[in-house]
Amino acid sequence: MRARELIFGAVAAVLLAVYGALGMRLLPALSATAVPTPAPSKPVEPVAISLALPGRIAFVLRGDVYVVAGGAYRPATAEGRSIQPALSGDGGSLVFARVETLSGKRIVDGRLVPAELGFTRIVRKPTAGGAEEVVVEGLRTRAQNGLHLVSWYLSPALSPDGKRLALTEDDGNGASDLEVVDLSVPGRRPVTILSEGAQLADAAWSPDGKTIAVTSYNTGTAGLILWPADGKTAPERLRKLPEGDAYRPSFSPDGRWLVYTLRRPEANDIHAFELATGRDVALTSDGRSWNGVLSPDGKWLAYLRADRSTIDLWAMELGGALAPAGGVPKEPKKLTRGEGVDGDSRPAWAN
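A brief report on the enclosed structure follows. (Residues numbered from 1 in each chain as written. Predicted model: local features only at pLDDT ≥ 70, side-chain atom pairs only at ≥ 80, totals over all residues. Heavy atoms only, no water.)

Attention now moves to the environment of Ser309. Looking at the element boundaries, Ser309 is found in the loop between β24 (300-307) and β25 (310-317). When its relative accessible area of 23% is taken as the criterion, Ser309 is described as partly exposed. It is 9.4 Å that separates the C-alpha atoms of Ser309 and Gly340, two residues lying 31 residues apart in sequence. (Helix = DSSP H or I, 4+ residues; strand = E, 2+ residues; numbered from the N terminus. Buried < 20%, exposed > 50% of the residue type's maximum accessible area, 1.4 Å probe, protein only.)

What follows concerns the side chain of Thr168. Within the element layout of this structure, Thr168 appears in strand β12 (residues 164-170). Classification of Thr168 by relative accessible area gives buried; the value is 2%. Contacts of Thr168, omitting those with residues within four sequence positions, involve Trp152, Tyr153, Leu154, Ser155, Ser176, Asp177, Leu178, Leu200 and Ala201. (Contact = heavy atoms within 4.5 Å.)

The strand order across the open sheet built from four strands is β11-β12-β13-β14, with neighbouring strands paired in antiparallel fashion. Of all strands in the sheet, those bounded by a partner on one side alone are β11 (152-158) and β14 (191-193). Within this sheet the neighbouring strands show an average axis-to-axis angle of 25 degrees, counted without direction. Note that β12 and strand β13 (residues 177-182) share six bridges and pair antiparallel. Counterpart to Ala166 in the pairing with β13 is Val180. (Pairing = 2+ DSSP bridges. Axes fitted to C-alpha atoms, helices over the stretch in contact; angles between N-to-C directions.)

Here we take up the pairing of strand β19 (residues 245-251). Of all seven residues that make up β19, seven are buried, and the element is covered over most of its length. With five bridges connecting them, β19 and strand β20 (residues 257-264) associate as antiparallel partners. Along β20, the bridge assignment pairs Ala246 with Leu262. Between the antiparallel neighbours β19 and β20 lie five residues, among them Gly255 with a positive phi of about 80 degrees.

Here Ser155, not a glycine, exhibits a phi torsion of approximately 55 degrees, which is positive. With respect to the helices, strands and loops of the structure, Ser155 is situated in strand β11. The class of Ser155 is buried, set by a relative accessible area of 6%. For Asn291, which is not glycine, the phi torsion reads 60 degrees and is therefore positive. Summarising the element assignment, Asn291 is placed in strand β23 (residues 289-294).

Bringing the pattern of salt bridges into the picture now. When their charged atoms lie close together, side chains carrying opposite charge are able to pair. The final tally for this structure, using the stated rule, is 16 salt bridges. As a salt-bridge pair, Arg124 and Glu133 come within 2.9 Å of each other at their nearest N and O atoms. In this structure Arg124 comes out as buried when scored by relative accessible area, which is 18%. A salt bridge links Glu317 to Lys330, with the shortest nitrogen-to-oxygen separation between them at 3.7 Å. With a gap of 13 residues between them, Glu317 in strand β25 and Lys330 in the loop between β25 and β26 (333-334) connect regions that are remote in the sequence. (Salt bridge = Lys/Arg side-chain N within 4 Å of Asp/Glu carboxyl O.)

This paragraph deals with the sheet that holds β20. Overall, antiparallel pairing links the four strands, which are arranged β19-β20-β21-β22 in an open sheet. Every interior strand has two partners, whereas the edge strands, β19 and β22 (280-282), have only one. With strand direction ignored, the average angle separating the axes of adjacent strands in the sheet is 30 degrees. Summarising the sheet, strand β21 (residues 267-274) and β22 pair through three bridges and their orientation is antiparallel. Each residue of the ladder has a partner; that of Phe273, found in β22, is Asp280.

A general tendency of soluble globular proteins is for nonpolar side chains to be buried together. Counting 26 residues, the largest nonpolar core has Leu53, Ile57, Phe59, Leu313 and Leu335 as the members making the most contacts within it. For this core, the secondary-structure elements that each account for two or more residues are β2 (56-61), β3 (64-69), β23, β24 and β25. Here the element with the most residues in this core is β24; it accounts for four residues. If we ignore the near neighbours within four places in the chain, the residues touching Leu313 are Ile57, Phe59, Val68, Ala302, Tyr303, Leu304, Lys333, Lys334, Leu335, Thr336, Val341 and Pro347. (Core = buried A, V, L, I, M, F, W, Y, C linked by side-chain atoms within 4.5 Å.)

With that settled, the discussion passes to the environment of Arg62. Secondary-structure assignment places Arg62 in the loop between β2 and β3. Among the residues examined, Arg62 registers a relative accessible area of 29% and is labelled partly exposed. For the pair Arg62 and Ser82, spaced 20 residues apart in sequence, the C-alpha to C-alpha distance is 8.7 Å. Separated by 2.7 Å, the side chain of Arg62 and the backbone oxygen of Pro40 make a polar contact. Of note is the side chain of Arg62, whose polar atom sits 2.9 Å from the backbone oxygen of Glu339. (Polar contact = N/O pair within 3.5 Å; in protein donor to acceptor, adjacent residues only side chain to side chain.)

Let's shift gears to the environment of Ala58. For Ala58, the position within the fold is in strand β2. Residue Ala58 is classed as buried on the basis of its relative accessible area, which comes to 0%. With ten residues separating them in the primary sequence, Ala58 and Val68 have C-alpha atoms 6.4 Å apart. If we skip the residues at most four places from it in the chain, Ala58 touches Val65, Tyr66, Val67, Pro85, Leu87, Leu94, Pro347 and Ala348.

Here is the structure:
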(Lines give C-alpha, C1' and ligand atoms only; values in the text may rest on other atoms or scores of the structure.)
Protein backbone atom coordinates (compact mmCIF):
# COMPACT_ATOMS: atom_id res chain seq x y z
CA MET A 1 0.00 0.00 0.00
CA ARG A 2 1.30 3.47 -0.85
CA ALA A 3 1.83 6.12 1.82
CA ARG A 4 -1.11 8.19 0.57
CA GLU A 5 -3.39 5.13 0.76
CA LEU A 6 -2.33 4.72 4.39
CA ILE A 7 -3.23 8.34 5.04
CA PHE A 8 -6.69 8.06 3.56
CA GLY A 9 -7.16 4.77 5.38
CA ALA A 10 -6.36 6.48 8.66
CA VAL A 11 -8.89 9.22 7.97
CA ALA A 12 -11.54 6.62 7.24
CA ALA A 13 -10.61 4.87 10.47
CA VAL A 14 -11.27 8.01 12.46
CA LEU A 15 -14.55 8.85 10.79
CA LEU A 16 -15.90 5.32 10.74
CA ALA A 17 -14.18 3.82 13.81
CA VAL A 18 -13.14 0.69 12.00
CA TYR A 19 -9.40 0.62 12.66
CA GLY A 20 -9.27 -3.16 12.90
CA ALA A 21 -10.40 -3.60 9.32
CA LEU A 22 -7.67 -1.48 7.73
CA GLY A 23 -4.97 -4.12 7.78
CA MET A 24 -7.03 -6.51 5.73
CA ARG A 25 -5.97 -4.59 2.62
CA LEU A 26 -2.65 -6.35 3.06
CA LEU A 27 -4.14 -9.81 3.10
CA PRO A 28 -5.52 -12.28 0.56
CA ALA A 29 -9.11 -11.62 -0.42
CA LEU A 30 -11.60 -13.15 1.94
CA SER A 31 -13.89 -15.85 0.71
CA ALA A 32 -17.29 -14.61 -0.35
CA THR A 33 -18.80 -16.94 2.21
CA ALA A 34 -16.65 -15.73 5.10
CA VAL A 35 -18.71 -14.28 7.94
CA PRO A 36 -16.75 -11.96 10.27
CA THR A 37 -16.90 -12.90 13.93
CA PRO A 38 -17.85 -9.97 16.16
CA ALA A 39 -14.80 -8.66 17.99
CA PRO A 40 -14.71 -9.03 21.77
CA SER A 41 -15.05 -5.91 23.85
CA LYS A 42 -12.13 -3.51 23.72
CA PRO A 43 -9.97 -4.17 26.81
CA VAL A 44 -9.86 -1.41 29.40
CA GLU A 45 -8.09 -3.45 32.07
CA PRO A 46 -4.85 -5.49 31.80
CA VAL A 47 -5.22 -8.74 29.85
CA ALA A 48 -2.90 -11.56 30.91
CA ILE A 49 -0.73 -13.45 28.40
CA SER A 50 0.79 -16.87 28.88
CA LEU A 51 4.30 -16.07 27.58
CA ALA A 52 7.21 -14.60 29.51
CA LEU A 53 8.56 -12.09 26.99
CA PRO A 54 11.49 -9.70 27.41
CA GLY A 55 10.98 -5.94 27.34
CA ARG A 56 7.85 -4.13 26.13
CA ILE A 57 5.78 -4.42 22.96
CA ALA A 58 3.60 -1.54 21.78
CA PHE A 59 0.79 -2.19 19.30
CA VAL A 60 -2.53 -0.64 18.26
CA LEU A 61 -5.92 -2.12 19.00
CA ARG A 62 -9.01 -0.35 17.62
CA GLY A 63 -7.43 3.08 17.63
CA ASP A 64 -5.55 2.93 20.91
CA VAL A 65 -1.98 2.04 21.78
CA TYR A 66 -1.53 -0.96 24.07
CA VAL A 67 1.68 -2.09 25.75
CA VAL A 68 2.66 -5.67 26.54
CA ALA A 69 4.74 -5.77 29.74
CA GLY A 70 4.90 -7.81 32.91
CA GLY A 71 2.82 -10.69 31.58
CA ALA A 72 -0.13 -8.61 30.34
CA TYR A 73 -1.17 -6.00 27.81
CA ARG A 74 -2.89 -2.79 28.88
CA PRO A 75 -4.05 0.42 27.18
CA ALA A 76 -1.67 3.38 27.04
CA THR A 77 -4.16 5.71 25.29
CA ALA A 78 -7.93 5.98 25.42
CA GLU A 79 -9.16 8.46 22.80
CA GLY A 80 -9.45 5.97 19.91
CA ARG A 81 -7.43 7.90 17.29
CA SER A 82 -3.85 6.69 17.81
CA ILE A 83 -1.77 4.78 15.25
CA GLN A 84 1.81 3.67 14.51
CA PRO A 85 3.54 3.43 17.91
CA ALA A 86 7.28 3.44 18.51
CA LEU A 87 9.38 2.96 21.64
CA SER A 88 12.67 4.44 22.77
CA GLY A 89 15.59 2.02 23.04
CA ASP A 90 15.26 1.80 26.82
CA GLY A 91 11.49 1.32 26.54
CA GLY A 92 10.79 4.33 28.74
CA SER A 93 9.22 6.57 26.10
CA LEU A 94 6.34 5.90 23.74
CA VAL A 95 5.60 7.96 20.61
CA PHE A 96 2.72 7.58 18.20
CA ALA A 97 0.67 9.47 15.62
CA ARG A 98 -2.74 10.76 16.68
CA VAL A 99 -5.28 11.44 13.93
CA GLU A 100 -7.18 14.73 14.15
CA THR A 101 -9.86 16.43 12.04
CA LEU A 102 -10.67 20.12 11.68
CA SER A 103 -13.44 21.97 9.89
CA GLY A 104 -11.97 24.22 7.23
CA LYS A 105 -12.13 25.02 3.54
CA ARG A 106 -10.60 23.87 0.28
CA ILE A 107 -10.51 25.35 -3.20
CA VAL A 108 -12.38 23.04 -5.58
CA ASP A 109 -12.89 24.03 -9.23
CA GLY A 110 -11.95 27.58 -8.36
CA ARG A 111 -14.45 27.83 -5.50
CA LEU A 112 -13.87 27.96 -1.77
CA VAL A 113 -15.94 25.15 -0.26
CA PRO A 114 -16.28 23.72 3.27
CA ALA A 115 -14.11 20.69 3.96
CA GLU A 116 -13.20 18.40 6.83
CA LEU A 117 -9.40 18.47 7.04
CA GLY A 118 -7.39 15.58 8.44
CA PHE A 119 -3.92 15.74 9.97
CA THR A 120 -1.83 14.05 12.64
CA ARG A 121 0.10 15.06 15.70
CA ILE A 122 3.09 13.09 16.95
CA VAL A 123 2.66 12.53 20.68
CA ARG A 124 5.20 11.37 23.26
CA LYS A 125 4.51 10.06 26.74
CA PRO A 126 6.15 7.79 29.33
CA THR A 127 5.47 4.15 28.50
CA ALA A 128 4.46 3.46 32.10
CA GLY A 129 1.90 6.27 31.98
CA GLY A 130 1.96 10.00 32.55
CA ALA A 131 1.50 13.32 30.81
CA GLU A 132 1.47 13.51 27.02
CA GLU A 133 3.55 15.95 24.98
CA VAL A 134 2.93 16.94 21.37
CA VAL A 135 6.39 16.86 19.79
CA VAL A 136 5.31 17.48 16.17
CA GLU A 137 2.18 19.49 15.36
CA GLY A 138 0.32 18.63 12.16
CA LEU A 139 -1.84 21.77 12.26
CA ARG A 140 0.92 23.98 10.92
CA THR A 141 -1.11 27.16 10.36
CA ARG A 142 -4.66 28.05 11.38
CA ALA A 143 -6.05 30.50 8.82
CA GLN A 144 -8.93 32.91 9.39
CA ASN A 145 -10.38 32.07 5.96
CA GLY A 146 -10.42 28.36 6.76
CA LEU A 147 -7.54 27.42 4.44
CA HIS A 148 -5.61 25.83 7.28
CA LEU A 149 -2.18 24.40 6.49
CA VAL A 150 -2.00 20.78 7.72
CA SER A 151 0.36 17.83 7.37
CA TRP A 152 0.16 14.11 7.86
CA TYR A 153 3.14 13.04 9.98
CA LEU A 154 3.43 9.26 10.01
CA SER A 155 5.87 6.43 10.76
CA PRO A 156 7.41 8.03 13.87
CA ALA A 157 10.58 6.27 15.01
CA LEU A 158 12.81 7.23 17.93
CA SER A 159 16.58 7.01 17.48
CA PRO A 160 18.36 4.57 19.82
CA ASP A 161 19.44 7.42 22.11
CA GLY A 162 15.95 8.95 22.07
CA LYS A 163 17.23 12.36 20.92
CA ARG A 164 15.97 12.27 17.32
CA LEU A 165 12.68 11.38 15.72
CA ALA A 166 12.44 10.08 12.17
CA LEU A 167 9.09 10.39 10.43
CA THR A 168 7.46 10.98 7.07
CA GLU A 169 5.48 14.10 6.14
CA ASP A 170 2.76 14.52 3.54
CA ASP A 171 1.66 18.15 3.37
CA GLY A 172 -0.73 17.57 0.49
CA ASN A 173 1.78 18.10 -2.31
CA GLY A 174 1.63 14.50 -3.48
CA ALA A 175 4.80 13.30 -1.74
CA SER A 176 5.65 11.61 1.54
CA ASP A 177 9.14 12.71 2.55
CA LEU A 178 11.56 11.51 5.22
CA GLU A 179 12.52 13.97 7.95
CA VAL A 180 14.47 13.90 11.22
CA VAL A 181 13.41 16.06 14.16
CA ASP A 182 15.94 17.00 16.86
CA LEU A 183 14.11 16.32 20.13
CA SER A 184 17.00 17.55 22.26
CA VAL A 185 16.11 21.17 21.45
CA PRO A 186 13.07 22.55 23.31
CA GLY A 187 10.47 24.72 21.63
CA ARG A 188 10.70 24.98 17.85
CA ARG A 189 12.78 21.90 17.15
CA PRO A 190 15.20 21.75 14.18
CA VAL A 191 14.10 19.52 11.28
CA THR A 192 16.41 17.89 8.74
CA ILE A 193 14.61 17.07 5.48
CA LEU A 194 16.23 14.01 3.90
CA SER A 195 14.10 13.62 0.77
CA GLU A 196 12.10 15.84 -1.56
CA GLY A 197 9.21 14.59 -3.67
CA ALA A 198 9.61 10.95 -2.58
CA GLN A 199 7.01 8.35 -1.58
CA LEU A 200 8.41 6.89 1.63
CA ALA A 201 6.96 5.15 4.69
CA ASP A 202 7.79 2.92 7.66
CA ALA A 203 10.91 4.60 9.11
CA ALA A 204 13.13 2.41 11.33
CA TRP A 205 16.51 3.28 12.90
CA SER A 206 19.63 1.13 12.83
CA PRO A 207 21.01 0.31 16.31
CA ASP A 208 24.00 2.65 15.79
CA GLY A 209 21.72 5.57 14.88
CA LYS A 210 23.44 6.16 11.56
CA THR A 211 20.86 4.75 9.14
CA ILE A 212 17.10 4.87 8.67
CA ALA A 213 15.44 2.03 6.77
CA VAL A 214 12.27 2.98 4.88
CA THR A 215 9.81 1.54 2.39
CA SER A 216 9.95 3.26 -0.99
CA TYR A 217 6.94 3.47 -3.29
CA ASN A 218 8.70 5.58 -5.91
CA THR A 219 8.44 2.76 -8.45
CA GLY A 220 5.74 0.25 -9.25
CA THR A 221 7.25 -2.27 -6.82
CA ALA A 222 7.60 -1.46 -3.14
CA GLY A 223 11.19 -1.83 -1.95
CA LEU A 224 13.54 -1.08 0.92
CA ILE A 225 15.97 1.82 1.13
CA LEU A 226 18.77 2.45 3.62
CA TRP A 227 18.95 6.21 4.17
CA PRO A 228 21.94 7.82 5.94
CA ALA A 229 20.53 9.83 8.83
CA ASP A 230 23.01 12.69 8.37
CA GLY A 231 21.74 13.37 4.84
CA LYS A 232 25.30 13.62 3.50
CA THR A 233 25.47 10.27 1.71
CA ALA A 234 23.27 8.90 -1.04
CA PRO A 235 20.59 6.39 0.04
CA GLU A 236 20.90 2.76 -1.07
CA ARG A 237 18.06 0.62 -2.38
CA LEU A 238 18.40 -3.08 -1.56
CA ARG A 239 18.60 -5.02 -4.82
CA LYS A 240 18.92 -8.67 -3.81
CA LEU A 241 15.55 -9.20 -2.17
CA PRO A 242 13.20 -11.97 -3.33
CA GLU A 243 10.66 -11.11 -6.00
CA GLY A 244 7.64 -9.28 -4.61
CA ASP A 245 6.82 -6.08 -2.72
CA ALA A 246 9.11 -5.58 0.30
CA TYR A 247 7.83 -3.20 2.98
CA ARG A 248 7.79 -2.32 6.72
CA PRO A 249 11.50 -2.88 7.52
CA SER A 250 12.98 -3.05 11.01
CA PHE A 251 16.53 -3.76 12.16
CA SER A 252 17.72 -6.64 14.30
CA PRO A 253 19.28 -5.54 17.62
CA ASP A 254 22.79 -6.24 16.28
CA GLY A 255 22.14 -4.38 13.02
CA ARG A 256 22.95 -7.39 10.84
CA TRP A 257 19.44 -8.10 9.60
CA LEU A 258 16.47 -6.25 8.20
CA VAL A 259 13.17 -7.87 9.09
CA TYR A 260 10.48 -6.99 6.55
CA THR A 261 7.23 -8.15 5.00
CA LEU A 262 7.26 -9.69 1.53
CA ARG A 263 4.00 -9.34 -0.33
CA ARG A 264 3.31 -11.70 -3.20
CA PRO A 265 -0.02 -12.35 -4.95
CA GLU A 266 -2.58 -13.06 -2.21
CA ALA A 267 0.09 -13.65 0.45
CA ASN A 268 2.15 -11.78 3.06
CA ASP A 269 5.02 -13.35 4.95
CA ILE A 270 7.85 -12.08 7.14
CA HIS A 271 11.43 -12.37 5.94
CA ALA A 272 14.84 -11.37 7.28
CA PHE A 273 17.61 -10.09 5.00
CA GLU A 274 21.25 -10.26 6.12
CA LEU A 275 22.82 -7.00 4.98
CA ALA A 276 26.42 -8.19 4.72
CA THR A 277 25.79 -11.41 2.80
CA GLY A 278 22.45 -11.00 1.03
CA ARG A 279 21.11 -14.13 2.73
CA ASP A 280 17.33 -14.07 2.97
CA VAL A 281 15.37 -16.17 5.48
CA ALA A 282 11.60 -16.68 5.45
CA LEU A 283 10.45 -16.54 9.07
CA THR A 284 6.79 -17.32 8.30
CA SER A 285 5.20 -19.24 5.45
CA ASP A 286 1.46 -19.11 6.18
CA GLY A 287 0.76 -16.22 3.78
CA ARG A 288 -1.14 -14.33 6.50
CA SER A 289 1.65 -12.67 8.52
CA TRP A 290 3.19 -9.18 8.34
CA ASN A 291 4.68 -6.27 10.35
CA GLY A 292 7.42 -8.20 12.14
CA VAL A 293 9.82 -6.81 14.76
CA LEU A 294 12.51 -8.59 16.78
CA SER A 295 12.84 -8.60 20.55
CA PRO A 296 15.72 -6.64 22.17
CA ASP A 297 17.65 -9.90 22.65
CA GLY A 298 16.99 -10.98 19.05
CA LYS A 299 15.44 -14.29 20.09
CA TRP A 300 11.76 -13.53 19.46
CA LEU A 301 9.63 -12.17 16.66
CA ALA A 302 6.43 -10.20 17.27
CA TYR A 303 4.12 -9.77 14.30
CA LEU A 304 0.55 -9.54 13.08
CA ARG A 305 -1.33 -12.49 11.69
CA ALA A 306 -4.85 -12.84 10.34
CA ASP A 307 -7.31 -15.64 10.87
CA ARG A 308 -10.11 -15.04 8.37
CA SER A 309 -11.23 -11.49 9.21
CA THR A 310 -9.54 -11.23 12.63
CA ILE A 311 -6.07 -9.76 13.18
CA ASP A 312 -4.07 -10.61 16.30
CA LEU A 313 -0.64 -9.94 17.72
CA TRP A 314 1.56 -13.06 17.75
CA ALA A 315 5.00 -13.92 19.12
CA MET A 316 7.37 -16.64 17.96
CA GLU A 317 10.68 -17.86 19.35
CA LEU A 318 13.14 -17.93 16.44
CA GLY A 319 15.02 -21.01 17.55
CA GLY A 320 18.26 -20.02 15.84
CA ALA A 321 16.66 -19.27 12.47
CA LEU A 322 19.03 -16.33 12.02
CA ALA A 323 22.12 -18.12 13.36
CA PRO A 324 24.92 -19.01 10.88
CA ALA A 325 23.98 -22.69 11.04
CA GLY A 326 20.29 -21.92 10.69
CA GLY A 327 17.41 -23.27 12.71
CA VAL A 328 13.66 -23.72 12.76
CA PRO A 329 11.37 -21.22 14.52
CA LYS A 330 9.19 -22.64 17.26
CA GLU A 331 5.41 -22.76 17.23
CA PRO A 332 4.00 -19.20 17.30
CA LYS A 333 1.75 -18.09 20.13
CA LYS A 334 -1.19 -15.70 19.92
CA LEU A 335 -0.99 -12.84 22.43
CA THR A 336 -4.26 -10.98 21.85
CA ARG A 337 -7.78 -12.38 21.83
CA GLY A 338 -9.37 -11.20 18.61
CA GLU A 339 -10.29 -7.76 19.94
CA GLY A 340 -9.36 -6.02 16.68
CA VAL A 341 -5.64 -5.27 16.26
CA ASP A 342 -4.87 -2.50 13.74
CA GLY A 343 -3.28 -4.10 10.69
CA ASP A 344 -1.76 -0.86 9.40
CA SER A 345 0.30 -0.17 12.53
CA ARG A 346 3.58 -2.03 12.96
CA PRO A 347 4.30 -3.14 16.55
CA ALA A 348 7.37 -1.83 18.36
CA TRP A 349 9.57 -3.84 20.76
CA ALA A 350 12.12 -2.41 23.18
CA ASN A 351 13.61 -3.05 26.61
